[in-house]
Amino acid sequence: MIEIAASILNSNLLNLGESVCEISGADWLHFDVMDGHFVPNLTFGPMFVEQVKEITDLPIEAHLMVDEPENFIPMFAKAGSKRIIIHAENTVHLHRLVQSIKEYGCEVGVVINPATPLTTIEYILADLDLVLLMTVNPGFGGQKLIPGMISKIKKLREMINTQRVPCKIEVDGGVNWENAATLVEAGVNVIVAGTLIFHETDRKAAVARLKGIVNKGGN
Ligand code: DX5
Ligand code: ZN
């Protein structure tokens, strides 16, 4: 089954509780953590995860777009994130950080920016629950998917199949009604959707429609 990770980045933050309830049909709640250094934007800290956890049964994945991720892993783990996803670009000791996330009992994902080569994660694939491919440059919701990322997804799928590891592929950024099925055909397991859902008036219906598209290939 293809999973949907709903991003609340572009929801109405004044009604965060309501937004979280509206996406209860998704499989994951995707939390975009931005520090204003690694990316040119600022968002949520661990207290948000802690409080949101109280009002949803959805598992939370924290996408850490921060410098010095080692300083934030303990906080986001203790706040109740089920999965922690760190960028490969801003740590010298990626393998070490991957192990430290596991020590907190969290699932571990590594995310790479559009220009970062797949070789960055090739030798640690067996240690990962998930690779998140940025299909836009990180920092903002509502951007257009970069077309060259489709062949990157296919290459990663081949790499995972060759190594015979259970690592999942997730994509983040610019998913829309037109490209969702193509992403699945290319080999994606988890789809982040933010603007797509929150631009619709009926968010519950939007999640259900997206689930239908990615799991049956229809639109
Ligand atoms: C961008 C974030 C994304 C973003 C996706 O830096 O990592 O998760 O919310 O948003 P949409 O679906 O609007 O492209
Ligand atoms: Zn994200």
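Residues numbered from 1 in each chain as written. Chains lettered and ligands numbered in written order. Predicted model: local features only at pLDDT ≥ 70, side-chain atom pairs only at ≥ 80, totals over all residues. Heavy atoms only, no water.

### A word on unusual backbone geometry
- A positive phi angle is found at Glu68, which is not glycine, with a value near 50°.
- Note that Glu68 resides in the loop between strand E3 (60-65) and helix H3 (73-78).
- Looking at Glu68, the relative accessible area reads 47%, which means it is partly exposed. (Helix = DSSP H or I, 4+ residues; strand = E, 2+ residues; numbered from the N terminus. Buried < 20%, exposed > 50% of the residue type's maximum accessible area, 1.4 Å probe, protein only.)

### Overview of the environment of Asn215
- Following the sequence through the fold, Asn215 ends up in helix H9 (residues 203-216).
- You can call Asn215 partly exposed: its relative accessible area is 33%.
- A sequence separation of 30 residues divides Asn215 from Glu185, and the C-alpha atoms of the two residues are 11 Å apart.
- In this view, Asn215 contacts Met1 and Ile2; residues no more than four positions away in its chain are not counted. (Contact = heavy atoms within 4.5 Å.)

### Things to note about the nonpolar core
- Formed by 68 residues in total, the largest nonpolar core has its most connected members in Ile121, Leu125 and Leu156.
- For Leu125, the contacting residues outside a window of four places in its chain are Val131, Leu156, Met159, Ile160, Gln163, Val165 and Cys167.
- With 10 residues, the next largest nonpolar core counts Ala5, Leu130, Leu132 and Met134 among its residues. (Core = buried A, V, L, I, M, F, W, Y, C linked by side-chain atoms within 4.5 Å.)

### A word on the site of ligand 1
- Asp32, Gly139, Asp172, Gly174 and Thr195 are the nearest of the 20 residues found near ligand 1.
- Within the side chain of His63, one N or O atom sits 3.3 Å away from an oxygen atom of ligand 1.
- Asp172 is positioned with one of its side-chain polar atoms (N or O) 2.6 Å from an oxygen atom of ligand 1.
- Protein contact buries 98% of the 380 Å² of open area that ligand 1 shows by itself. (Near = heavy atom within 4 Å. Polar contact = N/O pair within 3.5 Å; in protein donor to acceptor, adjacent residues only side chain to side chain. Areas by Shrake-Rupley, 256 points an atom, 1.4 Å probe, with all protein chains shown as cover.)

### Remarks on the pairing of strand E4 (residues 83-87)
- A large share of E4 lies buried, amounting to 5 of its 5 residues.
- Burial along E4 is two-sided: Arg83, Ile85 and His87 facing one way and Ile84 and Ile86 facing the other are all buried.
- The sheet contact formed by E3 and E4 spans 4 bridges and is parallel. When the sheet's bridge partners are listed, Glu61 is paired in E4 with Arg83.
- The sheet contact formed by E4 and strand E5 (residues 107-112) spans 5 bridges and is parallel. In the strand pairing of E5, Ile86 is matched with Val110.
- In this fold, E4 hands off to helix H4 (residues 94-103), which returns the chain to E5; that crossover is right-handed. (Pairing = 2+ DSSP bridges. Right-handed = clockwise from strand over helix to strand, strands pointing away.)

Fair warning: the whole summary comes from geometry, so function is off the table for now.
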